[in-house]
Amino acid sequence: MALATSGHSSLGVASLLFTVFHIAFISSQAAAAATYDVVSLGAKPDGIADSTRAFVGAWRAACGSETRATISVPPGRFLVGGATFSGPCKNNAVRWHIEGVITAPTDYNVLGNAGTWLLFQGVDGMSISGGVLDGQGAALWACKASGKNCPSGATSHFTIIFSNSRNIAVSKLTSLNSQLFHIVIIGCQNVRLQGVNVFASGDSPNTDGVHVQLSSGVTIMNSRIGTGDDCVSVGAGTTNLWIENVACGPGHGISIGSLGKDFEEAGVENVTVKNVVFEGTENGLRIKSWGRPSTGFAKNILFQHAIMSNVRNPIVIDQNYCPNKINCPGQFSGVKISDVTYQDIHGTSATKVAIKFDCSPKSPCSAIRLEDVKLTYKNDQRPAQASCVNAGGLAFGLVQPSSCL
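Below, the structure is looked at part by part. These figures come from a predicted structure and were not determined experimentally. (Residues numbered from 1 in each chain as written. Predicted model: local features only at pLDDT ≥ 70, side-chain atom pairs only at ≥ 80, totals over all residues. Heavy atoms only, no water.)

## So, helix α2 (residues 52–64)
Given 3.6 residues to a turn, an α-helix orients residues that are three or four positions apart in the same direction. What counts is decided by this rule: Numbering goes from the N terminus for both helices and strands, where a helix is a DSSP run of H or I of at least four residues and a strand is a run of E of at least two. Residue count minus one, scaled by 1.5 Å, sets the expected span of a helix. For every residue, the accessible area (1.4 Å probe, protein chains only) is compared with the maximum for its type, and the residue is labelled buried under 20%, exposed over 50%, or partly exposed between those bounds.
When the terminal C-alpha atoms of α2 are compared, their 18 Å separation across 13 residues agrees well with the 18 Å that a helix rising 1.5 Å per residue should span. Along α2, the residues that are buried comprise Thr52, Ala54, Phe55, Val56, Ala58, Trp59, Ala62 and Cys63.

Here it is in structure tokens:
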């Protein structure tokens, strides 16, 4: 009897365990990511038919899913007009898996009238992996170069915008030929770009690679950016920004600013830029502000481990920015720049002045630190120079050209 009872008990336990595992398996299957393929929703991979409705439909389905969801974009070219992908979603794990190319309309008037191309707003928890975004910007650039009356581009005229969102991860995405800025992060928290490639012609106007503004906790890593404007531009209200292992060129370098465009303006602080390479760029490491009153500031900035190759302005602070000499001549920047460190910066300058600190007489730059800096002129053939106006700080170790602080 004891053996029989034991046998029944063992069978009962086994049956119970089977039931538990079966329920767990079914539950895990139910909780598994739903996948929404844009082709199955009507998208055409021919680059001709308008697939906007299918992409928006896939987003609505994925965003409305109560479990994690994947939007699949298979190989092919998909024409998408202006599209907005809004949150909040019912889950915090929407994933875009992109194998194909998403292309803007060839007629730049379409996006000029639509006001935006790809806009993500109010999203919490999303990732984008792979794929190519082709902004088809060349025709608009040519129109602007001709002096004709052209729309300003897809606006806020950017390829992809993340607005008022958080916990966003973008990896291995390529952005080509944006009409204006390529990737814009505004009003966001905890955004990570990794392995991103951004390319546009060196003479394409205002095609910044990545623009960050009014955001905190943004990371840009292991990326290659070459455009007609800033590789990375940092706007007002940016805090806790980390840029690492980025190759820049062609372009205007990595720029904090322009700051001080508005009188009442949030500051920039806690920015780290390290392990970066600049090849043939207009600037290397730049901070710039409008030459007019402002409450803005930039502080706690670290530029570390940078290599310059034939860069026109390797290290520059310009507080007299006044494009077209409108609304600022005769005024002085109110933006306070302080606690800026340049450490282990090496390479060549394409101009004689390799270090230029042109600061405001009203708000002089303070606590500037140069450490282990060696910049030469014209491929090591001539000594470079440094220029300082209204700038204070210290130099440590080898600093070449000799510090003017």
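Next, the rest of the story.
## Here's the deal with the pairing of strand β18 (residues 216–226)
So the rule is basically this: The rule for pairing is simple: two strands pair if DSSP sees at least two bridges between them.
Across 5 bridges, the pairing between strand β15 (residues 189–194) and β18 is parallel. Opposite glutamine 189, over in β18, you have serine 216 as the bridge partner. The pairing of strand β16 (residues 197–199) with β18 spans 3 bridges and is classified as parallel. From the neighbouring strand, phenylalanine 199 faces β18, where its bridge partner is glycine 226. Sheet analysis places β18 next to strand β20 (residues 239–248), joined by 7 bridges and oriented parallel. Each bridged residue has a counterpart across the sheet, and for methionine 221 the counterpart in β20 is glutamate 244.

## A look at the sheet that holds strand β23 (residues 283–290)
Here is the rule we go by: Here an angle of 0 to 180 degrees is reported between the N-to-C directions of two axes, which are lines fitted to C-alpha atoms, with helices fitted over the stretch in contact. Residues count as neighbours in contact if any of their non-hydrogen atoms are within 4.5 Å of one another.
Taken in spatial order, the 11 strands line up as β5-β8-β11-β14-β17-β19-β21-β23-β25-β27-β29 in an open sheet, and their pairing is parallel. Whereas interior strands pair on both sides, the edge strands pair on one side only; in this sheet they are β5 (83–86) and β29 (385–389). On average, each strand axis in the sheet is tilted by 15° relative to the strand beside it, whichever way the strands run. Sheet topology note: the strand β19 (residues 232–234)/strand β21 (residues 254–259) ladder contains 3 bridges and is parallel. Across the sheet, valine 232 pairs through a bridge with isoleucine 254, a residue of β21. Against the sheet, α2 contacts β5 and β8 (118–121), and its axis sits at roughly 0° relative to β5.

## Notes on the side chain of serine 165
Operational definition: Counted as a polar contact is a pair of N or O atoms within 3.5 Å, where, for protein atoms, one must be capable of donating a hydrogen and the other of accepting one, and residues adjacent in sequence contribute only when both atoms are in side chains.
With respect to the secondary-structure elements, serine 165 resides in the loop between β11 (160–163) and β12 (166–171). A distance of 3.3 Å separates a polar side-chain atom of serine 165 from the backbone nitrogen of glycine 122. If near-sequence neighbours (up to four positions away) are discounted, serine 165 is found in contact with Phe120, Gln121, Gly122, Val123, Gly187, Cys188 and Gln189.

## Let's talk about the state of the cysteines
For the record, the criterion: Here, a disulfide means two cysteine sulfur atoms that sit within 2.5 Å of each other.
Inspection of the entire model under this criterion finds 6 disulfides. Shown here is the disulfide that connects cysteine 63 with cysteine 89, its sulfur atoms set 2.1 Å apart. Torsion about the S-S bond of the cysteine 63 and cysteine 89 cystine: about -105°, corresponding to left-handed handedness. Here the residue cysteine 63 occupies a position in helix α2, and cysteine 89 occupies one in the loop between β5 and β6 (94–98), the gap between them amounting to 26 residues. Across the pair, exposure class does not vary: cysteine 63 and cysteine 89 are buried alike.

Read these as spatial facts, not as claims about activity.
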